[in-house]
Structure formats: structure tokens, C-alpha cells
Amino acid sequence: MGAERHFRKWCNAFILLEQRLNTMSVTKQTALFSLHQELGGKMVPFAGYDMPVQYPLGIMKEHLHTRAAAGLFDVSHMGQVELSGDKVEQKLEALLPADVQALKPGRIKYSFFTTEDGGVIDDLMITKDGEGKLFLVINAGCKEGDLAHMRKHLQDVEIVEHNDQGLIALQGPQASAVLSRFAPAAETQGFMSCIFADIDGVNCRVSRSGYSGEDGYEISIPNSDIDRISRLLLAETEVEAIGLGARDSLRLESGLCLYGHELDTETTPVEADIIWAIPKSRRATGGFPGAERILSEITDGPKRICVGIKPEGRAPMREGTALFSGDEQVGTITSGGFGPSAGHPVAMAIIRTDLKEIGTALEAEVRGKRLPCKVADLPFVKQNYYRKPK
Amino acid sequence: MARQYSREHEWLDVEGDTALVGITEFAQEQLGDIVFIDLPEVGAEFDKGDDIAVVESVKAASDVYAPLTGEVIEINDLLADEPATVNASAEADGWFFKMSISDKSELDELMTADEYKTFIESES
């Protein structure tokens, strides 16, 4: 039991689950790297980038602060891709089950690239900028694969990856009050809408979206200005810098799937229970990879499904933990940790569909011991998205 | 006897044939907010280097290794309900367990407070 091995284990404690996404040997830095260091961020490799897992505040307080006021996250590691070309909306529909043609300019939809077998290559946000112009945000760990996939299948479409732009998320109930001091139009823009707004003299893409379960924005900013604008936002009393650790606990409490955990090429969107993102029109017409399996699972029900799991005790149940009903293994935890706002451990799992009823008692095998848990309603904490006043 | 430290970031107060064990302030800081501690059972026997406890933070689980060979004779019951005690007081109220010492020669490998300070500076 070498001391070095042990030391590494302690220091890398936060990133063990993410390491498989870290396929690159040399880590890249975002344009906010020096800001993270200045703020005392604990930097870890994540999906090929050196990212702050937490700041001196710590994951627990960062999480609670985001739910109470506003948190600023660097999500520049994610991919920002512009697609342009005649009928690009129709062409993209051949790769995913969203109704891209019906998307109105300035509106955003959540969707996912599917495989021929009905699995998920990546989940993403699609913004319609105008006729024949789309803007995608894709996961950091899937960037190369997504780009290759699109280049292969989208004929006569210009595909531009915007490495010249960074992305920050401002999330929490005070996010709107803070951002509208700089960009007044942000205050009343609808949930899942996108506007271009001037922030301190810079034209920024402001989307009312995020992955914390709270109201908030994702703001795409040229690399040359992102440090300055991030500092302006952080100078507001409501705002704290938040790391990837709290980003993960916030999305998990909010019951949001994360690629590489609930979603992968072996899991269909029906199994991941995200069919709300497949509109009626696409269920009727199909025409996306894996449509046959996905549509039949929607009709007949999948064999396994993603659910919330609430451990009965205080021990967290981590990703990979086996779930049992009696002697039979019936599922596996896909994400698990502690929910700071829930005040108890929280998890998501993929289990046999017949056991999905809320309250079903199961057992999780944690360090050789069987611990009780129950199927729970998702989200664990009520989502708090913006609704336009009527 | 003065407090001693292991290379695995544990502190030990040795008294006769027993040692009171916890994790260091440095380890506590590295782990962040602690939400659960899986302590060994009283009466359980361990070899030096065995997994003896698990500390769970918001994000991850980390093993704690037995600093010595021996038997657990008492555990800190407070930690079951108040695991964050370790964040607030790693080297006092947040002690983990008391164990018997089977092989006193293992104590030779432990460090003094000054040696441990140098050790963590060289590691970080």
C-alpha cells in the first residue's frame, strides 16, 4: 500500500469518476485559467481540460450558494459549433429526434445524436439563429466524435467550431437580477431563448438555459473579453465562482442526465427517460438513427429505465454500485453523491422497468454490505426555471 | 507521548499499547465537505495498510488505511450523525477510532509533527 498511491488517491478523490472522459494526455486551459488560479480554484483534469473542481468555499457551500443567490461557472470546455447551409435544419433532423424545422429563430431545444442502435452519441443544445443557421453546444468529452459525425453526415453544411469563444453559466435565483444590470433585455427573455446582448461593450450570446435546475443563463463570450466580463459579474455581491463539483451535485439533485453517466451509446433515450425531448412530430415520422428501436420502446416500454434512488441511510451510493431486489441484481447506480440542498444522499440509476414505481424498496451493495434504498421521484429538489409573467 | 503522523495522512496519539487515530487537518482540507464516514466495527482486526475506514465527501469516497496492525477497541460514535465534525475539528473531536498495537516496531515508521509538515510540503 504505497504512500504515493494513497496520496494520489486523496488528491484525485474528486475526479475518479470523470477520469475515463479524460482521454487526452495534455490538458488544455480555458481563457479563464488564470482567474481560476487567482480565485484559489482546485484544478483537476476534466475531459482534456484543466478545470476548477471547487474554490476555497467548497462544494457544499458553492452548491447552496447557487440555489440561494447566483453562481458563475466556467463551461468553456464545452464545444460551441455553428452550422450553416441551405436546409441545415432538415439535414440535422436526420441525426437526431428534435423538430429542428419547427424551431423559431432565437429559440433553443435540448436533443441528442442517436446511433443506429438507438443509443446516444451525445446530448446537446440547439439554437436557431436564423434560416439555415444553427448553433450547437456539445459536451467537452464528445467534441471530436460529434464533429466527425456531423462532417460525415451533413452534406453541404459549413461546420465551424468556435474555439475563439468561451462559455460561462450564471445560475441561480439572483442570476436574472445580476445579468440585467449589464444587459437589461436578459431580465424578461424566455426560458430556452437566445438573444445577442451588449455586456460592457461586447456583443455576447445570452441563452436562458443551464444545467443546475435553477433559472439562469449561459453566455458565450469572445476569449479576449471573457476574463474581464467574468470579473465584472463576480464583483456583484450575489455572485460566487462555482466549480465542477457543485455543478455535478446541482444537476444530480435536479434529476438531469449527464453524458457518460446516465447517457451513453448503450442506453436509449427511452431508457434514460428523456423522451419528453422527442416531439410528437418526430415520433410520427421517425427518420433519425435508431428510430425503429426508440419508437418501439416508446410504444411498448423499455426493459430498463432511469430512476431516482434515495439511500435510506447516510452513506452515499456511488456510480457503478449494484442494486438488488432480493438476490437478483436489477440495476446499477449511474450517478450518486450527496445532495446539499436535499440534505441526504441522492442517486440516479438504471433499473429493471417493472421496479420503477416510486417507493419500491431495493438494496445497494456498498463495500460488501447491502444497504436499503428506495426508488424516488426526480428531481430531488424542485426545478426553478423562469416563467414569463402573463 | 507527542502526537505522531503517518504517510497516509493520519495522526496517532499512542498511549501504552493503544493508539487514538484520526485524519490530519491537511487530509481534511484535501477531502472537502465530509458527508459520511464508514468506520470499522469494534473488535475488527487489521494489518497495517488494510482498508480500515472510508470517508465520503460530496463528490467522492476515499479509503483510509490502517496505520498499524491491531484491533479496533473503540470508535467515535459522534461521526455517525455529525461527519462534518472532521472538517471542523480533524485533530481533536473528529478522531476516528482507538486501536490496540500488535507490533510496536511499526511505530518507528511514524513521523513527528515537524517531519510530517516537511512531508506534506514535499508532496504538494
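As the structure is a prediction and not an experimental result, all values here were calculated from the model.

Right, let's talk about the packing of aromatic side chains for a bit. All names here are of chain A. This structure, assessed with the given rule, holds five aromatic pairs over all chains. Taking the centre distance of 6.0 Å and the plane angle of 75° together, the rings of Y110 and F112 count as edge-to-face. Each member of the pair Y110 and F112 is classed as buried. Residue Y110 is classed as buried on the basis of its relative accessible area, which comes to 10%. Its end group placed over the ring of F135, R205 keeps NZ or CZ at 3.6 Å from the ring centre. Positioned over the ring face of F324 is R370, at 3.7 Å from the centre of the ring.

Residues and elements named next belong to chain B. Read across the open sheet, the three strands follow the order β4-β6-β7; overall the sheet is antiparallel. The sheet terminates laterally at β4 (34–38) and β7 (61–65), the two strands that pair on one side only. Put simply, the sheet's adjacent strands are angled 25° from each other on average, direction ignored.

Turning next to the domain arrangement of chain A. Residues and elements named next belong to chain A. Domains assigned within chain A are domain 1 (53–300) and domain 2 (303–376). Of the residues lining the interface, 20 residues belong to domain 1; the matching set on domain 2 comes to 17 residues. Of the roughly 1,400 Å² buried at the junction of domain 1 and domain 2 (both faces included), carbon and sulfur atoms supply 59%. Counting the contacts that link domain 1 with domain 2 gives one salt bridge. Our count for the domain 1 to domain 2 interface comes out at 12 residue pairs in polar contact (both at pLDDT 80 or more). Counting residues per element, the ones that place at least two in the side of domain 1 that touches domain 2 are α3 (59–68) and α8 (244–253). Split into classes, the residues belonging to the side of domain 1 that touches domain 2 amount to seven nonpolar, six polar and seven charged.

Turning next to the pattern of salt bridges. Per the stated rule, a full pass over the model turns up 32 salt bridges over all chains. Linking D13 of chain B and R3 of chain B is a salt bridge whose minimum nitrogen-to-oxygen distance equals 2.9 Å. Of this pair, D13 of chain B sits in strand β2 (residues 10–15) while R3 of chain B sits in the segment before β1 (4–5); the two residues are 10 residues apart in sequence, bridging distant segments of the chain. The structure contains a network of salt bridges with shared partners spanning R318, R367 and K369 of chain A together with D38 and E56 of chain B.

A few words now on the side chain of K128 of chain A. On the secondary structure map, K128 of chain A appears in strand β6 (residues 120–130). Excluding residues that lie within four positions of it along the chain, K128 of chain A makes contacts with E89, L103, K104, P105, G106, R107, K133 and L134 of chain A.

All names here are of chain B. Of all the seven residues making up strand β6 (residues 51–57), six are buried; the element is thus mostly covered by neighbouring parts of the structure. Here four bridges tie β4 to β6, and the two strands are oriented antiparallel to one another. Bridge pairing in β6 places I34 opposite S57. Here β6 pairs with β7 via five bridges, running antiparallel. Bridging from a neighbouring strand, D51 pairs with Y65 of β7. From the end of β6 to the start of β7, which pair antiparallel, there are three residues.

Membership of the largest hydrophobic core comes to 46 residues, with the highest contact counts inside it found for Y110, F112, L263 and I274 of chain A. A domain-level breakdown of this core finds at least three residues from each of domain 1 (53–300) and domain 2 (303–376) of chain A. In contact with Y110 of chain A, not counting residues within four places along its chain, are D123, L124, M125, M192, Y211, L263, I274, W276 and A277 of chain A. Among the nonpolar cores identified, the runner-up in size contains 27 residues, and V21, A27, I52 and V64 of chain B belong to it.

Analysis parameters
- Residues numbered from 1 in each chain as written.
- Chains lettered and ligands numbered in written order.
- Predicted model: local features only at pLDDT ≥ 70, side-chain atom pairs only at ≥ 80, totals over all residues.
- Heavy atoms only, no water.
- Phe/Tyr/Trp six-rings, centres within 6.5 Å; stacked < 30°, edge-to-face > 60°.
- Buried < 20%, exposed > 50% of the residue type's maximum accessible area, 1.4 Å probe, protein only.
- Lys NZ or Arg CZ within 6 Å of the ring centre and 35° of its normal.
- Pairing = 2+ DSSP bridges.
- Helix = DSSP H or I, 4+ residues; strand = E, 2+ residues; numbered from the N terminus.
- Axes fitted to C-alpha atoms, helices over the stretch in contact; angles between N-to-C directions.
- Domains from an automatic or database assignment.
- Contact = heavy atoms within 4.5 Å.
- Buried area = accessible area lost by both parts, 1.4 Å probe.
- Salt bridge = Lys/Arg side-chain N within 4 Å of Asp/Glu carboxyl O.
- Polar contact = N/O pair within 3.5 Å; in protein donor to acceptor, adjacent residues only side chain to side chain.
- Nonpolar A, V, L, I, M, F, W, Y, C, P; charged D, E, K, R; others polar.
- Core = buried A, V, L, I, M, F, W, Y, C linked by side-chain atoms within 4.5 Å.

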